[in-house]
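Commentary on secondary and tertiary structure
Now for the letters of each chain:
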Amino acid sequence: MEKRRTDCPALPAGWKKEEVIRKSGLSAGKSDVYYYSPSGKKFRSKPQLVRFLGSSVDLSCFDFRTGKMTSGKLHKNKQRARHEPGVSKSGKPDLNTALPIRQTASIFKQPVTKVTSHPGNKVKSDQQRASEQPRQLFWEKRLKGLRSSDVSQEQMRSMDLPTGLQCIGPDPSQDCLLWAIASALHLSSGPISGQSSSAEKNPAVWTNSNQPPCRGFTVSEQQIRDQEQVVNQVRRSLEEALSADFMARNAEHTKVRKKR
DNA sequence: GCCACCGGTGGC
DNA sequence: GCCACCGGTGGC
């Protein structure tokens, strides 16, 4: 047990756990637990691990001392998830949510950049972090067969992608490409332009995991303007629907008050 | 300057 | 009272 690094199945491949028994001092006999990233970086607390792994690994149930996932805390988290804003305690969607919330923000965890202008401050950067984030190729396939449905359990229609986008990789379906593009748009700060021509010939070797698995494409100014119009139109429709709903609610409210 | 190691303490 | 977390430092 002492001073031996062992594999830790609860963490991504390559991570090691070490338990060191204290030999002297008041705390002799007690032990310290350390973890080592695949590159050898040492971690001595759970917050430190969480900071490093970010959203790539869910450590909420991870027990730092044992190195295992605990099932006890799982229930607490599930209960809390049901009480998120926008959902009432009965589990049905709460249509009275006051503030509009960008729903995708909670699905795709995004890093927060802290900018400090104080001259004395040192900003620590972790170059290893980015290179050690595990990235799976063709992860879109895992979502195959899953469809989103609305509040009445009705399956929602998938979005239509512009024609001309050519999927490359093991799954040529439009759904997979849609998921990949949506994810890339949320996770990448750079432009989304598809794969290089070499990835077309051998996707398993040359696929760039930061880009969706489709043939390289360009977006014209005209297409951007067209899309702006579509978005504006949808916003107008939403505005009309919301104000109609608001008026109907008001009318209903005054009717009830008159009855009393 | 680095880091293994132990002490101190805040939160439970 | 326990212990997770992190500060501090002695030894290299």
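Basis of the calculations
Residues numbered from 1 in each chain as written. Chains lettered and ligands numbered in written order. Predicted model: local features only at pLDDT ≥ 70, side-chain atom pairs only at ≥ 80, totals over all residues. Heavy atoms only, no water. Helix = DSSP H or I, 4+ residues; strand = E, 2+ residues; numbered from the N terminus. Buried < 20%, exposed > 50% of the residue type's maximum accessible area, 1.4 Å probe, protein only. Contact = heavy atoms within 4.5 Å. Salt bridge = Lys/Arg side-chain N within 4 Å of Asp/Glu carboxyl O. Pairing = 2+ DSSP bridges.

Going by what an unreviewed UniProt entry lists, chain A is known as MBD domain-containing protein and is assigned to Mugilogobius chulae.

Another aspect to go through is the environment of Ala10. Note that Ala10 resides in the loop between β1 (6-7) and β2 (16-21). Take Ala10: its relative accessible area is 22%, and that puts it in the partly exposed class. As for Ala10 and Asp63, which are separated by 53 residues in sequence, their C-alpha atoms are 9.5 Å apart. Other than its neighbours up to four places away in sequence, Ala10 contacts Phe62, Gly67, Lys68 and Met69.

So, about the pattern of salt bridges. As a working rule, side chains carrying opposite charge can pair if their charged atoms are close by. In this structure the tally under the stated criterion is 4 salt bridges. With a closest N to O distance of 3.0 Å, Arg249 and Asp245 form a salt bridge. Remark: Asp245 and Arg249 occur in helix α8 (residues 221-259); sequence separation between them is 4 residues, near one turn of the helix. Looking at Arg249, the relative accessible area reads 39%, which means it is partly exposed.

In spatial order, the strands read β1-β2-β3-β4; together these 4 strands make up an open sheet with antiparallel pairing. Looking at the sheet topology across the chains shown, the edges are occupied by β1 and β4 (42-43). As paired elements, strand β3 (residues 31-36) and β4 share 2 bridges and run antiparallel to each other. Following the sheet pairing, Tyr36 is matched in β4 by Lys42.

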